[in-house]
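Structural overview for review
Below, each chain spelled out in residue letters.
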Amino acid sequence: MTFRSSSQFVLNSPGTEIKGIFDFTSNNLLDAKQSANFQSSSVSTWGEDSEIKIANAAALTYKDNQWITKGTLEKTGGTMSLENVVWSLNADTNFSSDSAITTKTLNLNDHSLTLVSENSDLTVTDNLTINNSAEGIITGLADLNLSSGFNLEEGQLASTGGLISFENGALQSGGSFDLTDTTLQLGDNFVKSDGDLITNSAGTVLNLTESVNLTSDTKLFLKTLNLNDKTITLGSETSDLSVNDAITLNSADEKILTGLADLSVSGIINIDNGNLE
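The structure presented is a predicted model; accordingly, all values stated were derived computationally and were not measured. (Residues numbered from 1 in each chain as written. Predicted model: local features only at pLDDT ≥ 70, side-chain atom pairs only at ≥ 80, totals over all residues. Heavy atoms only, no water.)

**Regarding the overall build of the chain**
Secondary structure summary: the chain contains zero helices and 34 strands in total. Each principal axis of the C-alpha atoms in the chain carries an extent, and together these give about 65 × 35 × 30 Å. Looking at the chain as a whole, 45% of its 277 residues are labelled buried. Contacts spanning at least 24 positions in sequence make up 19% of the contacts within the chain whose residues lie at least 6 apart. Taken as a whole, the chain presents about 11700 Å² of accessible surface, with 42% of it coming from carbon and sulfur. (Helix = DSSP H or I, 4+ residues; strand = E, 2+ residues; numbered from the N terminus. Buried < 20%, exposed > 50% of the residue type's maximum accessible area, 1.4 Å probe, protein only. Contact = heavy atoms within 4.5 Å. Areas by Shrake-Rupley, 256 points an atom, 1.4 Å probe, with all protein chains shown as cover.)

This is how it looks when you write it as structure tokens:
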């Protein structure tokens, strides 16, 4: 089903079940006045300046679906769930949402995804690789949570605030990773062997959710290091770390193991428990 420019698809019957291929060409509105479910194997292609509007008391569910996007897509209103959805970019996409969403797979296909607003938080549960110079994710003030592995070979991952979370660690062998004024949350090891890693001592924060090895060929500059009862190991001689704020070790599990790397701290180091070596 193809929707011509400026047309609307209105869902106003409670519990509507929908299945098919839907092409929203441009300036289209999907208006869910009641809760509805896009069934398995449905495909939604979103053109320029598309909008998903959901009544505050309604829920819109996509299950085992495909999303294909380009241009601008905005979601407002009630709850939207993407269950086991594959999201593929057909061109550069600006996505805005007033609530967080989760997708299974994100295929950039040599394009960039920009999260437009602070509330446009995105979780991707599959592995994600950026390996083309035209590919990128620009998160702005939104949060990006990658539940599986992340590999940055070319292109960019850029944030100017919010949270970037790698639950299963990350590898950077090229490209640009910008963490200006951003919180980096690590649940596993981070290894950088090439490319640009941009951090700033006035705003970059490192949070640990598990003990990790941090290995880098360039120095990292942090405002704050939050160990959260975990251990950070600097994995090589070049994995130097500079921290602007004070560091407190007050748990036996909190450790900073520097090895051959350099650690510089502008604030006070308080060791009530734990270990620095």
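Next, the rest of the story.
**What to know about the sheet that holds strand β27 (residues 224-226)**
Pairing within the open sheet is parallel, and its seven strands lie in the order β11-β14-β17-β20-β22-β24-β27. Looking at which strands have only one partner, the edges of the open sheet turn out to be β11 (101-103) and β27. Strand-to-strand, the axes of this sheet are offset by a mean angle of 10 degrees, without reference to chain direction. Bridge analysis of β11 against strand β14 (residues 122-124) gives three bridges, and the strand direction is parallel. When the bridges of β14 are listed, Thr 102 appears paired with Thr 123. (Pairing = 2+ DSSP bridges. Axes fitted to C-alpha atoms, helices over the stretch in contact; angles between N-to-C directions.)

**What to know about the pattern of salt bridges**
One side chain can pair with another of opposite charge once the charged atoms of both are near each other. Evaluated as defined, the whole model comprises five salt bridges. In this structure, Lys 33 engages Asp 31 in a salt bridge whose closest nitrogen and oxygen atoms are separated by 3.2 Å. For Lys 33, a relative accessible area of 44% translates into the label partly exposed. Between Asp 98 and Lys 75 there is a salt bridge, and its shortest N-O distance comes to 2.8 Å. Here Asp 98 is found in the loop between β10 (86-97) and β11, whereas its partner Lys 75 is found in strand β9 (residues 66-83), with 23 residues between them in sequence. Classification of Asp 98 as partly exposed rests on a relative accessible area of 35%. (Salt bridge = Lys/Arg side-chain N within 4 Å of Asp/Glu carboxyl O.)

**Digging into the side chain of Asn 28**
Along the chain, the position of Asn 28 falls in the loop between β4 (21-26) and β5 (29-32). Within polar-contact distance, the side chain of Asn 28 engages the backbone nitrogen of Ser 26 at 3.1 Å. With near-sequence residues (within four places) excluded, Asn 28 lies in contact with Phe 3, Arg 4, Ser 5, Ser 6, Ser 7, Asp 49, Ser 50 and Glu 51. (Polar contact = N/O pair within 3.5 Å; in protein donor to acceptor, adjacent residues only side chain to side chain.)

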